[in-house]
Amino acid sequence: GAVVSQHPSRVICKSGTSVKIECRSLDFQATTMFWYRQFPKKSLMLMATSNEGSKATYEQGVEKDKFLINHASLTLSTLTVTSAHPEDSSFYICSARGESGYYEQYFGPGTRLTVT
Amino acid sequence: GENVEQHPSTLSVQEGDSAVIKCTYSDSASNYFPWYKQELGKRPQLIIDIRSNVGEKKDQRIAVTLNKTAKHFSLHITETQPEDSAVYFCAAKRGNSGNTPLVFGKGTRLSVIA
């Protein structure tokens, strides 16, 4: 149980285009989802917290107009990187917490974004 | 905000020896402290966690200790094996309400030398 998927696993896009990443909880309802960003050999940096049906809460320094987060259902959250630039290239990982879960966060497999 | 410090950044041990990784946190309201193992290009995998109402938890070769007064917690791996080689992250749950996220340390690259 507690499986989280992400799609796509890898994406390459041109500078100036937008890219959407999907995060799904497959066997539980995720009331809260979190988006992290990870640079090579670095830690997971929290970008935002999203609750189903509410606006996401962004961490300080994360541009909400650049990283659009939508959590429209209890099993799906999306992250859209708008007007992507090479510096947005990174590993993006989502995680989810279920309705009965107070503590554990279950992680997706990550999406490697490369902006050329 | 919450800050989690992790040491060392790299650790090399001989197979069979023990490995210890230490973390400190700043938010006194934090009440959940998991440890994750991440292999290259993969998702973090939860290996053990501890809640603030206990001081120690053990699962086979892995143990975690928590000192709430000092705000630090440690991961102990005994009888290390080459497959233990990976990056390990500690984390602390921000605050003590339901929807708060985990904040991660910078990670420790563990190498177990056969």
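Scroll up for the structure.
Here we summarise the structure given alongside this text. What you are looking at is a predicted structure, and each value in this text was computed from that prediction instead of being measured.

Looking only at helices and strands, chain A features zero helices and 11 strands. Helices and strands in chain A line up, N terminus first, as β-β-β-β-β-β-β-β-β-β-β. Taken over C-alpha atoms, the radius of gyration comes to 13 Å for chain A, in line with the 13 Å a tight globule of 116 residues would show. In terms of its C-alpha atoms, chain A occupies a principal-axis envelope of roughly 40 × 25 × 25 Å. The proportion of buried residues among the 116 residues of chain A is 51%. Counting only contacts in chain A whose residues sit at least 6 apart along the sequence, the fraction spanning at least 24 positions is 55%. For chain A, the accessible area works out to roughly 5,600 Å², and carbon and sulfur atoms hold 51% of it.

This part takes up the packing of aromatic side chains. Overall, the coordinates contain 13 aromatic pairs over all chains when judged by the stated rule. Seen in terms of ring centroids, Phe67 of chain A and Tyr92 of chain A are 6.4 Å apart; in terms of plane orientation they differ by 45°. Their pairing is tilted. Of the two residues, Phe67 of chain A is situated in strand 7 (residues 67–73) and Tyr92 of chain A in strand 9 (residues 90–98); the sequence distance between them amounts to 25 residues. Summarising the aromatic geometry, the rings of Tyr25 of chain B and Phe33 of chain B are spaced 4.6 Å apart at their centres and angled 40° between planes, so their arrangement reads as tilted. Note on accessibility: Tyr25 of chain B and Phe33 of chain B belong to one class, buried. An aromatic cluster is defined as three or more aromatic residues linked by ring pairs; in this entry it consists of Tyr36 and Phe107 of chain A together with Tyr36, Phe89 and Phe104 of chain B.

Residue-level contacts link 23 residues of chain A with 25 residues of chain B. Counting every contact that joins chain A to chain B gives two salt bridges. One salt bridge connects Glu59 of chain A with Arg94 of chain B, and the closest N-O pair in it is separated by 2.8 Å. Where chain A touches chain B, the interface holds 11 residue pairs in polar contact (both at pLDDT 80 or more). Secondary structure elements with two or more residues in the side of chain A that touches chain B: strand 4 (30–38), strand 5 (44–51) and strand 9 of chain A.

The rolling of a water-molecule-sized probe over the atoms marks out the regions of remaining empty space. Counted as a void, the largest pocket has a volume near 410 Å³. What lines the largest pocket is a set of 22 residues, among which Gln38, Lys41 and Lys42 of chain A together with Val87 and Arg109 of chain B lie closest to the centre. Among the secondary structure elements, those contributing two or more residues to the lining of the largest pocket are strand 9 (86–93) and strand 11 (108–113) of chain B. Among the elements that take part in the lining of the largest pocket, strand 9 of chain B stands out by supplying three residues, more than any other. Residues belonging to the lining of the largest pocket are distributed by class as follows: seven nonpolar, eight polar and seven charged.

Residue and element names in this part refer to chain A. One pass over the full model with this rule turns up seven salt bridges over all chains. The salt bridge partner of Asp88 is Lys66, with a shortest N-O separation of 2.8 Å. Residue Asp88 is located in the loop between strand 8 (76–81) and strand 9, and its partner Lys66 is located in the loop between strand 6 (57–58) and strand 7; the two are separated by 22 residues in the primary sequence. On the accessibility criterion, Asp88 (4% relative accessible area) is buried. Lys66 gets classed as buried once you look at its relative accessible area, which sits at 11%.

This part is about the pairing of strand 3 (residues 19–25) of chain B. All names here are of chain B. Side-chain alternation along strand 3 places Ala19, Ile21, Cys23 and Tyr25 on a buried face and Val20, Lys22 and Thr24 on a face that remains uncovered. Where strand 1 (residues 4–7) and strand 3 come together, four bridges link them in antiparallel fashion. Within strand 3, the position partnered with His7 by the bridge is Lys22.

What follows concerns unusual backbone geometry. Pro8 of chain A follows His7 of chain A through a cis peptide bond whose omega is 0°. By secondary structure assignment, the location of Pro8 of chain A is in the loop between strand 1 (4–7) and strand 2 (10–13). Cis geometry marks the peptide bond from His7 of chain B to Pro8 of chain B, where omega comes out at -5°. Along the polypeptide, Pro8 of chain B turns up in the loop between strand 1 and strand 2 (10–14). Of note in the backbone geometry, Lys71 of chain B takes a positive phi value of approximately 55° without being a glycine.

Cut-off values and rules
- Residues numbered from 1 in each chain as written.
- Chains lettered and ligands numbered in written order.
- Predicted model: local features only at pLDDT ≥ 70, side-chain atom pairs only at ≥ 80, totals over all residues.
- Heavy atoms only, no water.
- Helix = DSSP H or I, 4+ residues; strand = E, 2+ residues; numbered from the N terminus.
- Rg over C-alpha atoms; globule rule 2.2 N^0.38 Å.
- Buried < 20%, exposed > 50% of the residue type's maximum accessible area, 1.4 Å probe, protein only.
- Contact = heavy atoms within 4.5 Å.
- Areas by Shrake-Rupley, 256 points an atom, 1.4 Å probe, with all protein chains shown as cover.
- Phe/Tyr/Trp six-rings, centres within 6.5 Å; stacked < 30°, edge-to-face > 60°.
- Salt bridge = Lys/Arg side-chain N within 4 Å of Asp/Glu carboxyl O.
- Polar contact = N/O pair within 3.5 Å; in protein donor to acceptor, adjacent residues only side chain to side chain.
- 1 Å grid on protein atoms, 1.4 Å probe; cavity = no way out; pocket = protein on both sides within 12 Å on 5 of 7 lines; lining within 4 Å.
- Points joined across faces, edges and corners; volume = space filled by probe spheres on them.
- Nonpolar A, V, L, I, M, F, W, Y, C, P; charged D, E, K, R; others polar.
- Pairing = 2+ DSSP bridges.

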